[in-house]
Amino acid sequence: MANTPSAKKATRKIAARTAINKSRRSRVRTFIRKVEEAITAGDHATAFAALKAAEPEIHRAAGKGIVHANLAARKVSRLNSRVKALSA
């Protein structure tokens with residue numbers, strides 16, 4: 001348990017940061033889920049629009065340190081290839 005004022009403040013800051021990170025991670029997952037659902041439905045136009053909305057959100061999460069940059073790039077790349085395959 002934190003005893004000093006600085007340790008108590010650090011605990012508060014950690015709790016606030018954790019809540020923000022949790023919210024951002026959830027937001028990214030929601031955007032990815034929307035793309036996945038459109039791909040499953042086989043709707044190229046909806047999937048493409050959802051991907052264009054999800055891509056900056058995924059990279060923003062990487063910039064904020066929520067996910068690793070390589071993970072973000074990999075997710076976008078894989079989603080992009082799956083959306084592209086729908087049009088063929």
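Residues numbered from 1 in each chain as written. Predicted model: local features only at pLDDT ≥ 70, side-chain atom pairs only at ≥ 80, totals over all residues. Heavy atoms only, no water.

> Would you mind showing me how to read the overall build of the chain here?
Of regular secondary structure, the chain possesses 3 helices and 0 strands. Of the regular secondary structure in the chain, the N- to C-terminal order runs α-α-α. Here the C-alpha atoms of the chain give a radius of gyration of 18 Å, more than 25% beyond the 12 Å that 2.2 N^0.38 yields for 88 residues. Expressed as lengths along the three principal axes of its C-alpha atoms, the size of the chain is roughly 65 × 20 × 15 Å. The buried share of the chain, reckoned over its 88 residues, is 23%. (Helix = DSSP H or I, 4+ residues; strand = E, 2+ residues; numbered from the N terminus. Rg over C-alpha atoms; globule rule 2.2 N^0.38 Å. Buried < 20%, exposed > 50% of the residue type's maximum accessible area, 1.4 Å probe, protein only.)

> Explain the packing of helix α1 (residues 5–41) against helix α3 (residues 69–87) here, please?
Two measures define how a pair of helices packs: the angle their axes make with one another and the distance between the axes. Taken N-terminus to C-terminus, the directions of α1 and α3 make an angle of 25 degrees; their axes are 10 Å apart at the nearest point. By the angle between their directions, the pair α1 and α3 is classed as roughly parallel. Note on packing geometry: the crossing formed by α1 with α3 is left-handed. Residues Ile 32, Val 35, Glu 36, Ala 38 and Ile 39 of α1 form the contact with α3, whose participating residues are Lys 75, Leu 79, Arg 82, Val 83 and Leu 86. Residues that form the contact of α1 with α3 fall into these classes: 7 nonpolar, no polar and 3 charged. (Axes fitted to C-alpha atoms, helices over the stretch in contact; angles between N-to-C directions. Parallel < 35°, antiparallel > 145°, perpendicular 65-115°, else oblique. Left-handed = near helix turned anticlockwise from the far one by under 90°. Contact = heavy atoms within 4.5 Å. Nonpolar A, V, L, I, M, F, W, Y, C, P; charged D, E, K, R; others polar.)

> Explain the packing of aromatic side chains here, please?
Given two aromatic rings, their pairing is described by the distance between the two centres and the angle made by the two planes. Applying the stated criterion across every chain, the model contains 0 aromatic pairs. Taking the ring centre of Phe 31 as reference, the NZ or CZ of Lys 34 above it sits at 5.8 Å. (Phe/Tyr/Trp six-rings, centres within 6.5 Å; stacked < 30°, edge-to-face > 60°. Lys NZ or Arg CZ within 6 Å of the ring centre and 35° of its normal.)

> Would you mind going over the pattern of salt bridges with me for this structure?
Two side chains that carry opposite charge are able to pair once their charged atoms sit near each other. According to the stated counting rule, one finds 5 salt bridges in the structure shown. Across the pair Arg 60 and Glu 57 runs a salt bridge whose closest N-O atoms are separated by 2.8 Å. With Arg 60 and Glu 57 both in helix α2 (residues 44–63) and 3 residues apart, the pair spans about one turn of that helix. When salt bridges that share partners are traced, they join Arg 27, Glu 57 and Arg 60 into one network. (Salt bridge = Lys/Arg side-chain N within 4 Å of Asp/Glu carboxyl O.)

> Any chance you could explain α3 here in plain terms?
One turn of the α-helix equals 3.6 residues, which is why residues spaced by three or four share an orientation. With 19 residues, α3 ought to run about 27 Å at 1.5 Å a step, and its terminal C-alpha atoms sit 28 Å apart, in line with that. Residues of α3 that are buried: Ala 72, Val 76, Leu 79 and Val 83. For α3, the angular spread of the buried residues around the axis is 70 degrees, confining them to a single face. Exposed and oriented more than 90 degrees from the buried face of α3 are Asn 70, Arg 78, Lys 84 and Ala 85. Elements in contact with the buried residues of α3: α1 and α2. (Expected span 1.5 Å × (residues − 1). Arc of directions from axis to C-beta.)

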